Amino acid sequence: MEGYQVIHQKSPAFYDKYERKAELQHQTHYCPGCGHGIVHKLIAEALTDLGVQDRAILVSPVGCSVFAYYYFDVGNVQVAHGRAPAAATALKRANPESIVMSYQGDGDLAAIGTAEIIHAANRGENICVFFINNSIYGMTGGQMAPTTLVGQVSTTSPWGRRPGNEGLPIHISELLSALETPTYIERVALNDMKNIMKAKKAIKKALQIQKDGGGFSLVEILSPCPTILKMDPVVARKWVGETLLKTFPLGVFRDRKLELPEGGKVPHKTLAEALEVDEGVPEEPTTRRHTHTRNLGVKIAGFGGQGILLMGQLLAEMGLREHMEVSWLPSYGPEMRSGSAHCHVTLSHDRIGSPLISQPEVLVAMNELSLHKFAPSVVSGGLILYNHTHLPEGFSAPQARVVCVPASEIADKLGSAKVANVVMLAALLEETECLPAESAISVLETTVRNKKLLELDKRAIEAGRNYVDTEIEVGAVAQPDGYSY
Ligand SMILES: Cc1ncc(C[n+]2csc(CCOP(=O)(O)OP(=O)(O)O)c2C)c(N)n1
Ligand code: SF4
C-alpha cells in the first residue's frame, strides 16, 4: 500500500535464528495457535521497550515452554519442574541489577511448584512471574492441572473433573493476593486482540515494577492449548474467552507498593554484629590477596569418613580469609560411612558463576575409585594428588601431572588416620601455592576446639608440607611403580 512500509521482523530480544533444529530455524517448536508463542512475543517486546534486554534473565520451566531459551536473547536458566521462583530468587539476589523473569505453566507453578511460588510471593522477591494458565498439562499429553475446569475431561480425569474427587480449580492470582507482600497481581487473557493488548500492558507493567525495585509481580495469562483441547486454533481462542474466563475472571487483584514494617528488607546490623563475632579482617588484605593467592578449581574425592567434605570446607574458609571469592559444593551418598563423597571448591579473585566444577584444575583422589572415576575430567596440564605411595597397576596417567602423597600412611605414623585429610590439604597448598600455608593454621585454630586434635592437625600440616618439599622432585610425574621423572 502506498505510503506504508510493511515490516515483518522479530523483536531484537529474540535470537535471529532458532538454533534448535537446522531445518526448523524459521519457526518455533510450539503448536499453531498456542498461547506460549504470543506471550513470548509480548515479553520480548516489553524487554525491548524498557531497554532491559541486556540485563534480563529468563528462568524457563519444565513444560511446553522448556525451550524458551532457544528464543530469548537474554540470560537463560532452565530449571527443574516447579522450581523457577526459587531459582529466580537466587538469581535476583545474587545479581540485584538483573531483571529476572520466572516463566511457568499451570502444572509447573500450581501443582509441583506450589510451595515455591507461595514463598517467593510472600517474601516479596523483586521478580516477575509469568504464569501461563492453559487449564491442562500440555507437554505430557493432557493430564489434569490444578486449573482444570470442573467437568473438563483430561487423561487423568476421564469422567471430567469432579469437585468431590479432584477438588475445585485453584485460583492462583486470588490465592496469592491473600498474602500481604506481593506488589502486583493481574489476570489477563489471550482470547482476542483487545485482551492481548491488555496482556502486553500487564507484562510491561510487571517488568517496570521490577526495574523500579518495586517487589513481586505475577501476571496470570489465560492461554489456548489447541492441541490438547483438540480444537482448531480459532475455536481454542474462543474457548478461552467463553469458557476458561468464566472460572478465572480477569482483573487486577493487587496493585500497591510493597509496604513492609520499618526496616523491612535492610538488616539493621552487619552479619558479624548479629552473630557477635569478630569480622576477622586480616591486615592489609588486598596486598596479601594478590601476592599469595591464585584461582583454582579443586575436586576432592574419596569415601565417607575420610574428611573429604571438611577438607573442602577448610580450603574454602582459607580462601575466604584471604578475601577471595569461594564456593564449596558437597556431594555424598546416603550412607553415613564408606559411601562415596566428593566436593568441589572454587577459589577465585572474581565472582563465581557456578559452584560446579566439571573440569577441575586439581583433583585430590583419596582412594583408588575416585582416581579412576575423576582423573579423566582433570584439565590438561592440571594436577592430581593421589593418596598412596604409588599409582594402581594399569592406571595410565592422563593429561595431568600425577603426584602420589601417602597421606593416610603419614597420618597413621602421626598417630591418627583421621588427619590424612589435613596432610593432603597441606600437600595441596605446598604443591599448588594457591594460598599461604599459615592461613591453614589460623583456620584450624578457630575451627578445631579440641587442643590435642589441634596439635595433631598442626603436625599433619607440617608433615604434608615436608613430604612435598623433600620427597617430591620438581617436575616429576608419578609412575605406576612409584615416583620418578
Ligand atoms: C519433577 C517432575 N515431575 C514431573 C515431570 C513431568 N512433567 C513435565 S512437563 C509437566 C507438565 C507441564 O504442564 P504445564 O506446567 O501446565 O505446562 P504446559 O506444558 O501446559 O505449558 C510434567 C508433569 C517432570 N518433568 N519433573
Ligand atoms: S501442547 Fe498446548 S501448550 Fe504445548 S505447545 Fe502445543 S498448544 Fe502449546
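In case you missed it, the structure is sitting above this.
For every chain, the first residue of the written sequence is number 1, and numbering continues from 1 along that sequence. Note on labels: chains are lettered from A, ligands numbered from 1, in written order. It should be noted that, the model being predicted, local features are given only for residues of pLDDT at least 70 and side-chain atom pairs only at 80 or more, the latter also being counted only at that level, while totals for whole chains, interfaces and linings use all residues. For the side-chain quantities, the full set of heavy atoms in the structure was used; hydrogens and water were omitted.

Stacked, tilted and edge-to-face are the three classes applied to pairs of Phe, Tyr and Trp rings, where Trp contributes its six-membered ring and a pair requires centres within 6.5 Å; stacked means planes under 30 degrees apart, edge-to-face means over 60, and tilted covers the rest. The full count for this structure, using the stated rule, is six aromatic pairs. Through a chain of ring-to-ring contacts, three or more aromatic side chains come together here, namely Tyr18, Tyr30 and Tyr71. Directly above the aromatic system of Tyr18 lies the positively charged group of Lys10, at a separation of 4.2 Å from the ring centroid. When the NZ atom of lysine or the CZ atom of arginine is within 6 Å of a ring's centre and also within 35 degrees of its normal, the charge is said to sit over that ring. Geometry around Tyr184 places Lys205 over its ring, the cationic atom sitting 4.8 Å from the centre.

The next subject is the site of ligand 1. Working definition: residue near molecule or strand if any one of its non-hydrogen atoms lies within 4 Å of it. Near ligand 1 there are 16 residues, and of these His36, Asp106, Gly107, Asp108 and Gly138 occur at the shortest range. Polar contacts here mean pairs of N or O atoms no more than 3.5 Å apart (in protein, one a potential hydrogen donor and the other a potential acceptor; neighbouring residues in sequence count only if both atoms are side-chain atoms). His36 is positioned such that a nitrogen or oxygen atom in its side chain is 2.8 Å from an oxygen atom of ligand 1. For ligand 1, an oxygen atom lies 3.2 Å from a polar atom in the backbone of Ile136. Only the protein chains shown count as cover for residues, and the accessible areas themselves come from Shrake-Rupley with a 1.4 Å probe. Protein contacts shield 74% of the accessible area of ligand 1, which totals 590 Å² for the unbound molecule. By the criteria applied, helices consist of DSSP H or I runs no shorter than four residues and strands consist of E runs no shorter than two, each listed in order from the N terminus. For the shell around ligand 1, the element with the highest residue contribution is helix H3 (residues 106-112), accounting for four residues. All residues other than Ala, Val, Leu, Ile, Met, Phe, Trp, Tyr, Cys, Pro, Asp, Glu, Lys and Arg, Gly among them, are scored as polar; the first ten of these are nonpolar and the last four charged. Among the residues making up the shell around ligand 1, the classes are represented as six nonpolar, eight polar and two charged.

Once that is clear, we can look at the site of ligand 2. Taken together, the residues surrounding ligand 2 are Tyr30, Cys31, Cys34, His36, Cys64, Asn134, Cys225, Pro226, Thr227 and Ile228. For the shell around ligand 2, the element with the highest residue contribution is helix H8 (residues 226-229), accounting for three residues. Taken together, the residues that form the shell around ligand 2 break down as seven nonpolar, three polar and no charged.

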